[in-house]
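A look at the structure
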Amino acid sequence: MAPALAWLTALMVVPCALVLALAFFRRGIYGGIEYTFTLENFGLVLDPLYAGIFLNSARIAGTATLIAVVIGYAAAYAIAAAPRRWQPVFLFFAVLPFWSNYLIRTYAWIVLLNREGLITQLLRWFGYTGEPPSMLYTEGAVIAGLVYNYLPFVILACYAPLSRLNPELAEASRDLGASAMTTFRRIILPLTVPGIAAGAVFVFVLSIGNFVTPALLGGGRFQMIGNLVYDQFLTANDWPFGAALAMALIAIMLLVLTAQALAADRAAGRIAVAKAGADD
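Once a new chain begins, its residue numbering starts again from 1 and follows that chain's sequence as written. Local features are withheld for residues below a pLDDT of 70 in this predicted model, meaning they are given only at 70 or higher, and side-chain atom pairs are given and counted only at 80 or more; totals for whole chains, interfaces and linings count all residues. Calculation of side-chain values draws on the structure's entire complement of heavy atoms; hydrogens and water are dropped beforehand.

This part takes up the packing of aromatic side chains. For Phe, Tyr and Trp, rings pair up if their centres lie within 6.5 Å, where Trp contributes its six-membered ring, and each pair is then called stacked (planes under 30 degrees apart), edge-to-face (over 60) or tilted (otherwise). Enumeration according to the criterion identifies 17 aromatic pairs in this entry. An angle of 80° between the planes, with centres 5.9 Å apart, marks the rings of tyrosine 77 and phenylalanine 184 as edge-to-face. Of this pair, tyrosine 77 sits in helix α3 (residues 48-81) while phenylalanine 184 sits in helix α9 (residues 180-191), and the two are 107 residues apart along the sequence. The buried label goes to any residue with under 20% of its type's maximum accessible area, the exposed label to any with over 50%, and the partly exposed label to all in between, with areas taken from a 1.4 Å probe on protein chains only. Classification of phenylalanine 184 by relative accessible area gives partly exposed; the value is 24%. Strands here are runs of E lasting at least two residues and helices are runs of H or I lasting at least four, both read from the DSSP assignment and numbered beginning at the N terminus.

Our focus in this paragraph is the pattern of salt bridges. Any carboxyl oxygen of Asp or Glu that lies within 4 Å of a side-chain nitrogen of Lys or Arg is treated as forming a salt bridge with it. For the structure shown, the criterion picks out two salt bridges. Arginine 26 is the partner of glutamate 40 in a salt bridge, and the nearest nitrogen-oxygen pair spans 3.2 Å. Taken as a pair, glutamate 40 in helix α2 (residues 40-45) and arginine 26 in strand β1 (residues 26-27) lie far apart in primary sequence, 14 residues in all. On the basis of relative accessibility, which here comes to 30%, the residue arginine 26 falls in the partly exposed class. Linking arginine 59 and glutamate 139 is a salt bridge whose minimum nitrogen-to-oxygen distance equals 2.7 Å. Taken as a pair, arginine 59 in helix α3 and glutamate 139 in helix α7 (residues 139-163) lie far apart in primary sequence, 80 residues in all. Relative accessible area serves as the criterion here: at 22%, glutamate 139 is assigned to the partly exposed category.

Here we take up the confidence of the model for the protein. Looking at the protein, pLDDT values average 87 and 95% of them are 70 or higher. You can read pLDDT as the predictor saying how much it trusts each residue, on a scale of 0 to 100. Helix α13 (residues 239-279) is the least confidently modelled element of the protein, averaging 79 in pLDDT, while α3 averages 94, the highest of any element.

One less than the residue count of a helix, multiplied by 1.5 Å, gives the span that helix is expected to have. With 25 residues, α7 ought to run about 36 Å at 1.5 Å a step, and its terminal C-alpha atoms sit 35 Å apart, in line with that. To obtain the bend at a residue, axes are fitted to the seven residues ending there and to the seven starting there, and the angle between these axes is taken. Roughly 45° is the biggest bend found in α7, and it falls at tyrosine 150, with proline proline 152 one to four residues downstream.

For helix α8 (residues 167-175), the set of buried residues is Leu169, Ala170 and Ser173. Buried residues in α8, looked at end-on, bunch into an arc of 95°, giving them a common side. Among the exposed residues of α8, those oriented more than 90 degrees off its buried face are Pro167, Glu168, Arg174 and Asp175. Measuring from the side-chain oxygen of the N-cap residue of α8 to the backbone nitrogen of glutamate 168 gives 3.0 Å; that N-cap residue is asparagine 166. Looking one or two residues beyond α8, the residue adopting positive phi is glycine 177, at roughly 95°. By definition, the arc is the one covered by directions from the helix axis to the C-beta atoms. The definition of a polar contact used here is a pair of N or O atoms within 3.5 Å, where within protein one atom must be able to donate a hydrogen and the other to accept one, and adjacent residues in sequence count solely through side-chain atom pairs.

The phi dihedral of tyrosine 137 falls on the positive side, at around 60°, and the residue is not glycine. With a phi close to 60°, asparagine 237 is a non-glycine residue in the positive phi region. Mapped onto the fold, asparagine 237 is located in the loop between α12 (225-234) and α13. Take asparagine 237: its relative accessible area is 31%, and that puts it in the partly exposed class.

Quick look at the side chain of asparagine 210 now. Note that asparagine 210 resides in the loop between α10 (193-208) and α11 (212-217). Only 3.0 Å separates the side chain of asparagine 210 from the backbone nitrogen of valine 212, close enough to count as a polar contact. Not counting residues within four places of it along the chain, the set of residues in contact with asparagine 210 comprises Tyr102, Leu146, Tyr150, Met224, Gly226 and Asn227. What makes two residues a contact is simply this: any of their non-hydrogen atoms within 4.5 Å.

Here we come to a nonpolar patch on the surface. Residues form patches when they are more than 30% accessible in relative terms and have no salt bridge. Like charges link within 9 Å. Nonpolar side chains (Val, Leu, Ile, Met, Phe, Trp, Tyr) link within 5 Å. Method for areas: the Shrake-Rupley scheme with a 1.4 Å probe, in which residue coverage is limited to the protein chains shown. A surface patch of nonpolar side chains, amounting to about 790 Å² of accessible area, comprises Trp86, Val89, Phe90, Phe92, Phe93, Leu96, Phe98 and Trp99. Among the structural elements, phenylalanine 92 can be located in helix α4 (residues 87-95).

Right, let's talk about the packing of α3 against α10 for a bit. Orientation of α3 relative to α10, taken along the N-to-C sense of each, is 145°, at an axis distance of 8 Å. In this structure, α3 meets α10 at a crossing whose hand is right-handed. Residues Ser57, Ala58, Ala61, Gly62, Ala64, Thr65, Ala68, Val69 and Tyr73 of α3 pack against Ile196, Ala200, Val203, Phe204, Ser207 and Ile208 of α10. For this scheme, ten residues count as nonpolar: Ala, Val, Leu, Ile, Met, Phe, Trp, Tyr, Cys and Pro. Four count as charged, namely Asp, Glu, Lys and Arg, and the remainder, Gly too, count as polar. Tallied by class, residues from the contact of α3 with α10 come to eleven nonpolar, four polar and no charged. Axis lines are fitted to C-alpha atoms, over the contacting stretch for helices. Their N-to-C directions set the angle, which ranges from 0 to 180 degrees. A clockwise turn of the near helix away from the far one marks a right-handed crossing, whereas an anticlockwise turn of less than a right angle marks a left-handed crossing.

Given below as structure tokens:
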């Protein structure tokens, strides 16, 4: 394990430790770092202005996560229910967007959503003659971009447990008189919670720290924590405060990952009980 541990230490632990150390110093008068110990940066993170940005970022990321989980789980369920020979094909199309650059995929949404874009042209083709709808530079555009870019993570995460489900469990449920909805709610859904939790964590963690999508699709009107960290390092030249914001964001991510791990452990226990019951 030494090579892997060395790699993680050099590229993850050490950089995070350096960022954490920066958060305990002051910003110089003309920018830069003044090596005077202080806790002011962490206190400033709790200021209502910046706390509101954290809450707004969590709300946008949570909305994108919910939409992505609903769509991604439905898509994964349909793929898992398809004939075996077609499943690799459907998975290929699910991950096909990853073949292009993230920025290119985001710019494609600008082409779709701007006032003279493809959606507006399609509406005019159907006879709409009113004012073009304002879709770009809105919160909805930011959420749509986040969902689109991270949806494949949810599909893959949910497909894995769905494809491994023992079909005899659903068959036994139907034999005992359960409806299709009851079978899904009490058998299939609980056994696939690890995949749902993993996909949700992927989307939430990547969305709450994202700064490209809000900048391009939000037009700078919707400040998220990723944009705030970016501005502190590269615009305001306040590295200590930017480091404190980054560490607060990392702490939120660790809490989410811990919750996901606990949910996965509980789901693993349910799966073990279900398998034991099926074997009996």
